Amino acid sequence: MLRLRNLQWTEAERQDAKRYRSGQVIEFHKAVKAKDTVVLDMGREGLTVKTRKQPAAVGSGVEVRRQLDMGRDGPTVRRQVVRAASGIGSGERLEVTGHDETGRVQVRNQRGQVLQLPLEKAAKFNVYSSGEVAIAAGDRIRITKNGQTADGKHRLNNGSLYQVKQVDDQGRMELQNGWKLPANFGHLAHGYVTTSHASQGRTVDYALLAMSSSSFAAASREGFYVASSRAREGLQIFTDDKESLRNYAIQKSSERMAAMELIRPPEHEQRFRERVKDMFQRATDYARNKIDTIRRHAGDLLSHGRRPGWEAQR
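Residues numbered from 1 in each chain as written. Predicted model: local features only at pLDDT ≥ 70, side-chain atom pairs only at ≥ 80, totals over all residues. Heavy atoms only, no water.

Student: Residues and numbers for the overall build of the chain, please.
Tutor: When its secondary structure is counted, the chain shows five helices and 19 strands. When each of the 314 residues of the chain is scored for burial, the buried share is 27%. The long-range share in the chain, meaning contacts at least 24 apart out of those at least 6 apart in sequence, stands at 63%. When the accessible surface of the chain is split by element, carbon and sulfur atoms take 49% of a total near 22,000 Å². (Helix = DSSP H or I, 4+ residues; strand = E, 2+ residues; numbered from the N terminus. Buried < 20%, exposed > 50% of the residue type's maximum accessible area, 1.4 Å probe, protein only. Contact = heavy atoms within 4.5 Å. Areas by Shrake-Rupley, 256 points an atom, 1.4 Å probe, with all protein chains shown as cover.)

Written as structure tokens, this is what we have:
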């Protein structure tokens with residue numbers, strides 16, 4: 001079965017033509033309208049150019065039409081129309097075939113047409129690597145991207161788990177609930193392993209929780225609770241560092257912080273308060289010392305019969 005893996009490129013990475021390799025799959029999640037229709041009108045007053053929008057449709061290509069006038073000196077071009085035949089529809093897939101001589105990415109659509117990938121529309125498509133996954137009757141699969149069944153009547157939600165009833169010779173898959181997936185759906189994987197986030201809301205009889213030390217940085221108290229509370233009957237936890245798991249990984253909290261907590265993290269709260277208290281104490285001591293100095297100076301002046309202030313400096 002076809003399996004597509006999202007390469008998780010950023011929009012800036014999708015705009016970089018050098019990153020693309022032959023065999024990668026481009027899937028548009030938003031339609032791209034065709035380019036403007038350009039009309040060259042060659043009238044008696046000379047060449048005039050008119051433009052108008054071409055309606056969006058599935059597919060792509062360039063169409064050139066010429067309208068000829070028959071004259072005494074033979075046919076002359078009266079009107080020439082150059083337009084993009086159509087755009088790229090939502091859900092359409094293109095396969096990367098390589099680059100042209102100028103380095104632009106070339107792709108092939110499902111009708112065999114070779115087109116130029118519009119990198120300026122990178123926000124409207126994702127890039128996938130293409131591979132295969134072995135699926136047989138009885139397997140459990142997980143949907144990795146929202147989609148629809150072959151008849152378009154049912155929605156396939158990202159993260160949903162299904163049991164496979166059968167797979168025919170053309171690669172079309174039928175699920176236990178009677179739904180059928182198109183042969184080239186691609187957005188699926190085996191559903192025996194899932195993340196703690198994707199398992200929210202699900203309940204099973206037994207669960208096996210794998211938490212290696214390499215994943216402790218992403219672990220949290222809340223995530224551990226979600227993962228460990230999925231099973232009704234039993235739970236087994238597998239790790240290569242039991243001490244760190246117990247004392248560090250599942251003690252952290254992933255609770256969202258307020259803006260003030262980002263400026264002053266909770267673990268530094270006491271240190272922050274002590275610094276503020278110390279600064280306030282030093283400022284208070286400084287002010288008191290200044291006041292005492294002024295008082296002593298004023299007392300010295302008065303004891304010598306001199307007035308404090310500007311008169312004493314004359």
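Okay, back to it.
Student: Which residues make up the sheet that holds strand β11 (residues 140-143), and what values do they have?
Tutor: Spatially, five strands are ordered β16-β15-β14-β11-β17 in an open sheet, and the strand pairing comes out antiparallel. Among the strands making up the open sheet, the edge pair consists of β16 (180-181) and β17 (188-190). When β11 meets strand β14 (residues 161-167), the two strands line up antiparallel, connected through three bridges. Residue pairing in the sheet places R140 in a bridge with Q163 of β14. (Pairing = 2+ DSSP bridges.)

Student: Can you lay out the pattern of salt bridges for me, pointing to particular residues and giving the numbers?
Tutor: Counted under the stated rule, the structure contains nine salt bridges. Here E27 ties to R93 by a salt bridge, and the two come within 2.6 Å at their closest N and O atoms. Here R93 lies in strand β7 (residues 93-99) and E27 lies in strand β2 (residues 25-28), a separation of 66 residues in the sequence. On the basis of relative accessible area, E27 is assigned to the buried category, the value being 7%. (Salt bridge = Lys/Arg side-chain N within 4 Å of Asp/Glu carboxyl O.)

Student: For the environment of S199, give the residues involved together with the corresponding values.
Tutor: Counting through the fold element by element, S199 comes out in the loop between β17 and β18 (204-210). Overall, the relative accessible area of 9% leaves S199 in the buried class. A sequence separation of 31 residues divides S199 from R230, and the C-alpha atoms of the two residues are 7.6 Å apart. Not counting chain neighbours up to four residues away, the residues in contact with S199 comprise T194, V226 and R230.

Student: Go over helix α2 (residues 221-228) with me, naming the residues and quoting the values.
Tutor: Every buried residue of α2 is accounted for by G223, V226 and A227. When α2 is viewed along its axis, its buried side chains cluster within an angular range of 95° and face the same direction. (Arc of directions from axis to C-beta.)

Student: Describe the packing of aromatic side chains, with residues and values.
Tutor: The tally for this structure, following the rule as stated, stands at three aromatic pairs. Measuring from centroid to centroid gives 5.3 Å for W9 and Y20, while their planes differ by 85°, and the two rings are edge-to-face. Residue W9 is located in the loop between β1 (2-6) and α1 (11-14), and its partner Y20 is located in the loop between α1 and β2; the two are separated by eleven residues in the primary sequence. Residue W9 shares its accessibility class with Y20, and that shared class is buried. For the cation-ring pair, R19 lies above W9, with the distance from its terminal atom to the ring centre recorded as 4.8 Å. (Phe/Tyr/Trp six-rings, centres within 6.5 Å; stacked < 30°, edge-to-face > 60°. Lys NZ or Arg CZ within 6 Å of the ring centre and 35° of its normal.)

Student: Report on the pairing of strand β8 (residues 105-108), specifying residues and quantitative values.
Tutor: A one-sided burial pattern is seen for β8, the buried positions being V105 and V107 and the unburied ones Q106 and R108. Hairpin connection of β7 to β8: five residues between the antiparallel strands, including G103 at a positive phi of 90°. As paired elements, β8 and strand β9 (residues 114-116) share three bridges and run antiparallel to each other. Counted as the bridge partner of V107 is L115 from β9.

Student: Quick rundown of the sheet that holds β7? Include the residues and the values.
Tutor: In a beta sheet, neighbouring strands are held together by backbone hydrogen bonds and run either parallel or antiparallel to one another. Pairing in this open sheet of six strands is antiparallel, and the strands run β1-β10-β2-β7-β8-β9 from one edge to the other. Of all strands in the sheet, those bounded by a partner on one side alone are β1 and β9. The mean inter-strand angle of the sheet, taken between neighbouring strand axes irrespective of direction, is 40°. (Axes fitted to C-alpha atoms, helices over the stretch in contact; angles between N-to-C directions.)

Student: Tell me about the side chain of R14, residues and numbers included.
Tutor: Topologically, R14 is positioned in helix α1. Comment: no salt bridge for buried R14; closest opposite-charge side chain is E11, at 4.8 Å. Of the polar contacts made by the side chain of R14, one reaches the backbone oxygen of A122; its length is 2.8 Å. Apart from the residues lying within four places of it in its own chain, the contact partners of R14 are W9, Y20, L119, A122, A123, F125, N126 and V127. (Lys, Arg positive; Asp, Glu negative; His and termini not counted. Polar contact = N/O pair within 3.5 Å; in protein donor to acceptor, adjacent residues only side chain to side chain.)

Student: Describe the nonpolar core, listing the residues and the values that go with them.
Tutor: Membership of the largest hydrophobic core comes to 17 residues, with the highest contact counts inside it found for Y20, I26 and L117. With residues near it in sequence (within four places) discarded, L117 still touches Y20, I26, F28, L94, V105, V107 and F125. Counting residues in hydrophobic clusters, the runner-up holds twelve residues, among them V133, I141, Y162 and L181. (Core = buried A, V, L, I, M, F, W, Y, C linked by side-chain atoms within 4.5 Å.)

Student: Go over unusual backbone geometry, please, and point to the residues and values.
Tutor: Positive phi outside glycine occurs at Q8, with the angle close to 60°. Structurally, Q8 is set in the loop between β1 and α1.

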